[in-house]
Structures are given as C-alpha cells and as structure tokens.
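Residues per chain, in single letters:
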Amino acid sequence: MNAKQYKVKFIEALETIYGFDEAESFFYLILEDKFQMKRLDLALDPAFEFSADALNVWEELVTQLKTEIPIQYLLGNTEFFGLSFLVNENVLIPRPETEELVDWIIEEEKKMERLKDREIEGLKDRGIERHRDVKILDIGTGSGCIAISLAKNIPKATVFAIDVSAKALEVAKKNGEINKVSVTFLEKNILETDDLLEQFDII
C-alpha cells in the first residue's frame, strides 16, 4: 500500500476519536519519527510504498492510539520550546502553555540582567568587583523541560531541578545530556527542604 492510500486509512481509523485534524497530525508525526519522512517528502512522492513490516508498525500504533495512549508516549519523545525531550509514563507530557511560562521567565531575566549589568558597571567604577549570577530552582521537574529550556536560554544561570521520583529524574538527566546543558538534578521532597528555597532567585 502506498503512503497516500495508507494516510486515508489511518485517518479514517482514528477520526471518530480524535477528529480529522489531530488524526492527520498524528500521521505526520509518526511518518517523521518512525520513517524519517517529512510532509514535503510525502507530497513529492505520494506513491511511496510501505513495506509489510512498516505497515505492521503503523497498525500497532493505530491499535494503541485507539486506546487513547498519548502519541508522545508511543513515540517516546516530544518537542518543547524548540528542544527535543524524551518522555515516558514516568513523566508528564510538556504542555504548550508551559512554554509561555518559560518564555516569560527568559524575557524577565533579560530585563533584570540589563539592570544588574548597569549596577555592576557602577560598582566597578567605584573599585568594587561583583559578578552577575542567577540561581534557578525547578520543583517537580519531571522530564526536566522547564529547567533545561531555561539553562539553554539563560547561559549565566545556575539551574537546579528536584523531583521525588527517581525514575522521572532518570528521564530528566538524559534530556539534559541530549540538549547539552548543565543542570543539577536532585531527588528531594520540597516539603521536607524548606530552607532550600531561600537560596534561589527564581523558583
């Protein structure tokens, strides 16, 4: 069966559960993740044939999607703030609205950095040396998406991330390595470490 024909079949199988647009978006997510084909590739070669093994992969994913398992868990990854993150059943799937929070923090920190830089320059004029530093704490980090995105976009920040789940922290640490950032991940319960909060500029 060629890709164009299978796309119709795929959407028909899932449309009653997810609606046409979301089912179509699932098709293209799987196409790229499992078969390294983008929407443009399919448009240029709609007669591309799926092998029997490839069709088995598709059918297995359709069966799982019918049980409403999130597609991010099925693929094992998702995108957040332009970065790639591993996800599994041990972490929540990053939400688009959380990107707005990250963007707000980054923009506010840029403003603070400009103010602090002017203050530091003023102190230098008086012979006083001081360095700009900001410490960030992410509580209940899960996949690490917030902490890692902030570390990636605020280079001068020292970022810590805590979670009570060791399995979630395993995922977060891998995501830190994938995205090449320095974040200190700690297995802690914030309710038992109140004094920790006093050490940070952004929580």
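Residues numbered from 1 in each chain as written. Predicted model: local features only at pLDDT ≥ 70, side-chain atom pairs only at ≥ 80, totals over all residues. Heavy atoms only, no water.

Participant: Is there a simple way to think about the environment of Leu-65 in this case?
Facilitator: With respect to the secondary-structure elements, Leu-65 resides in helix α4 (residues 52-66). A C-alpha to C-alpha distance of 9.4 Å links Leu-65 and Tyr-18, two positions 47 residues apart in sequence. Other than its neighbours up to four places away in sequence, Leu-65 contacts Phe-10, Leu-14, Tyr-18, Phe-26, Ile-30, Ile-71 and Leu-74. (Helix = DSSP H or I, 4+ residues; strand = E, 2+ residues; numbered from the N terminus. Contact = heavy atoms within 4.5 Å.)

Participant: Explanation requested: a nonpolar patch on the surface in the structure shown.
Facilitator: A contiguous nonpolar surface patch, about 240 Å² in accessible area, is contributed by Ile-139, Leu-197 and Ile-203. Turning to its location among the elements, Ile-139 is positioned in strand β3 (residues 134-139). (Patch = residues over 30% accessible without salt bridge, like charges linked within 9 Å, V, L, I, M, F, W, Y side chains within 5 Å. Areas by Shrake-Rupley, 256 points an atom, 1.4 Å probe, with all protein chains shown as cover. Salt bridge = Lys/Arg side-chain N within 4 Å of Asp/Glu carboxyl O.)

Participant: Please explain the packing of aromatic side chains as it appears in this structure.
Facilitator: How two aromatic rings sit relative to each other is given by the distance of their centres and the angle of their planes. Counted under the stated rule, the structure contains 14 aromatic pairs. Judged by centre distance (6.4 Å) and plane angle (50 degrees), the ring pair of Tyr-6 and Phe-10 falls under tilted. On the criterion of helical spacing, the pair formed by Tyr-6 and Phe-10 is a turn pair, its members being 4 residues apart in helix α1 (residues 3-18). Overall, the relative accessible area of 1% leaves Tyr-6 in the buried class. Here the aromatic rings of Phe-160 and Phe-200 are separated by 5.5 Å at their centres, their planes lie at 75 degrees, and the arrangement is edge-to-face. Here Phe-160 is found in strand β4 (residues 157-163), whereas its partner Phe-200 is found in the segment after β5 (183-187), with 40 residues between them in sequence. Under the relative-accessibility criterion, Phe-200 is labelled buried at 10%. Taken together, the ring pairs connect Tyr-6, Phe-10, Phe-27, Tyr-28, Phe-35, Phe-48, Phe-50 and Trp-58 into an aromatic cluster. A cation over an aromatic ring shows up here: Lys-135 above the ring of Phe-200, its NZ or CZ 5.2 Å from the ring centre. (Phe/Tyr/Trp six-rings, centres within 6.5 Å; stacked < 30°, edge-to-face > 60°. Buried < 20%, exposed > 50% of the residue type's maximum accessible area, 1.4 Å probe, protein only. Lys NZ or Arg CZ within 6 Å of the ring centre and 35° of its normal.)

Participant: Any chance you could explain the confidence of the model for the chain here in plain terms?
Facilitator: For any part of a model where pLDDT is low, the fine detail of the predicted coordinates should not be relied upon. Summing up the model confidence of the chain, the mean pLDDT is 89 and the portion of residues at 70 or higher is 91%. Within the chain, helix α8 (residues 166-178) carries the highest mean pLDDT (98), whereas helix α6 (residues 96-125) carries the lowest (77). (pLDDT = per-residue confidence, 0-100.)

Participant: Explain the environment of Tyr-18 to me, please; I cannot follow it from the model alone.
Facilitator: Turning to its location among the elements, Tyr-18 is positioned in helix α1. Residues contacting Tyr-18, with those up to four places away along its chain left out, are Ala-23, Phe-26, Leu-65, Glu-68 and Ile-69. At 2.5 Å, the side chain of Tyr-18 and the backbone oxygen of Leu-65 are in polar contact. (Polar contact = N/O pair within 3.5 Å; in protein donor to acceptor, adjacent residues only side chain to side chain.)

Participant: When you look at the pattern of salt bridges in this model, what are you seeing that I'm missing?
Facilitator: Opposite charge on two side chains makes pairing possible when the charged atoms of those side chains draw close. Summed over all chains, the structure comprises 6 salt bridges. Where Glu-32 meets Lys-38, a salt bridge forms, and the shortest distance between an N and an O atom there is 2.8 Å. Residue Glu-32 is classed as partly exposed on the basis of its relative accessible area, which comes to 40%. Between Glu-108 and Lys-111 there is a salt bridge, and its shortest N-O distance comes to 3.2 Å. You can see Glu-108 and its partner Lys-111 sitting in helix α6, 3 residues apart, about one turn around the helix.

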